[in-house]
Amino acid sequence: MPHSRRSVLSLGAALAGGAFASGLRAQTLPFQLRGRFTQGGWCIGRAASGARLSVDGKLYGQVDARGLFYVGFDRDAPAQSTLSCDGQSVTLDIAPVAYDVQRVDGLPQNTVTPQGKELLDRIGREWVLKNTAFASLYDSDDFRRGFVWPLKKFVVSGHFGNQRILNGVPKSPHMGFDMAAPVGTPIHAPQAGLVVLAQPDMFYEGGLTFIDHGQGLISMYLHQSAVLVKAGQKVTQRQLIGKVGDKGRATGPHLCWRLKWRDRHLDPSLMVV
């Protein structure tokens, strides 16, 4: 086994596109790392093709054939994260985010506290569909070029990570970035990828689409009034994939845009470059 070399870097002030406030340049970092080193953020690096990648002591697979790897930092990521690859490791400082509390009232009560066997069975079946899609590991590096906004015009109506109180009931944090826009507003793919889920009428999410942008980086589009792609379809950046709606657990028309890498919830707005 090669000797492991450990580096400790303070990168909490990272800026978009791989520029760093401290004056460090992306190419001087181990693995040529670039990204946003904050809770809900991400980084992209380079290493030998096939090298084993571990993050915080957990094996996350191998570097792809092009020598690229993606790592996401969870909404509740600790103050430091350690990446290990090819006998080398680096410990990154992860900047904290102050999440606020958001109250949402006026939701159909059965979407907040669902009851009844038929409804709970439906929710269970849809949970299986979503978790099967989350297991996708599309062999691509479409993530490397960053994202564009899925809507051309919108009003931010909810930030990623907010603690939510729904109809007065405390719930888990909101893992999406909410973009208010009229019903029927076109939704475009922020980057190329493979559609791994496309459902027109999910209980919580309404029209729902998942796109895998490579290595299990999956973006999600909730509450759509129309889903215009199918599972197994490859899409290109800015391709029309659906239309904004207010279906599912929603109080008005908006796109809830989400992003997940393996078991980690990310802020999709931080991928826009």
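Refer to the structure printed above.
Residues numbered from 1 in each chain as written. Predicted model: local features only at pLDDT ≥ 70, side-chain atom pairs only at ≥ 80, totals over all residues. Heavy atoms only, no water.

What follows concerns the side chain of Thr-185. Mapping Thr-185 onto the fold places it in the loop between strand 13 (176-180) and strand 14 (186-188). Under the relative-accessibility criterion, Thr-185 is labelled buried at 16%. Each residue touching Thr-185, except ones within four places of it in the same chain, is listed here: Leu-151, Gly-242, Lys-243 and Val-244. (Helix = DSSP H or I, 4+ residues; strand = E, 2+ residues; numbered from the N terminus. Buried < 20%, exposed > 50% of the residue type's maximum accessible area, 1.4 Å probe, protein only. Contact = heavy atoms within 4.5 Å.)

We now examine unusual backbone geometry. In the Ramachandran plot, Phe-31 falls in the positive-phi region, its phi being about 65 degrees despite a non-glycine side chain. Note on placement: Phe-31 falls in the loop between strand 1 (5-9) and strand 2 (34-36). We classify Phe-31 as buried; its relative accessible area is 9%. In this structure, Asp-56 is a non-glycine residue whose phi angle is positive, near 55 degrees. Relative to the elements of secondary structure, Asp-56 occurs in the loop between strand 4 (52-55) and strand 5 (58-62).

In this section: the nonpolar core. One finds Leu-33, Phe-69, Tyr-70, Val-71, Leu-83 and Leu-217 to be the most contacted residues of the largest nonpolar core, which totals 49 residues. Not counting chain neighbours up to four residues away, the residues in contact with Tyr-70 comprise Trp-42, Cys-43, Ile-44, Leu-53, Phe-143, Gln-215, Leu-217, Leu-259, Trp-261, Leu-266 and Met-271. (Core = buried A, V, L, I, M, F, W, Y, C linked by side-chain atoms within 4.5 Å.)

The next subject is the environment of Ser-136. Here Ser-136 is to be found in the loop between helix 2 (117-134) and strand 10 (155-158). Ser-136 sits in the buried class, given a relative accessible area of 15%. C-alpha of Ser-136 to C-alpha of Arg-262: the two residues are 126 residues apart in sequence and 8.9 Å apart in space. Those residues in contact with Ser-136 that lie beyond four places of it in its chain are Val-196, Asp-212, Gly-216 and Ile-218.

Any functional reading would require information that these geometric values do not contain.
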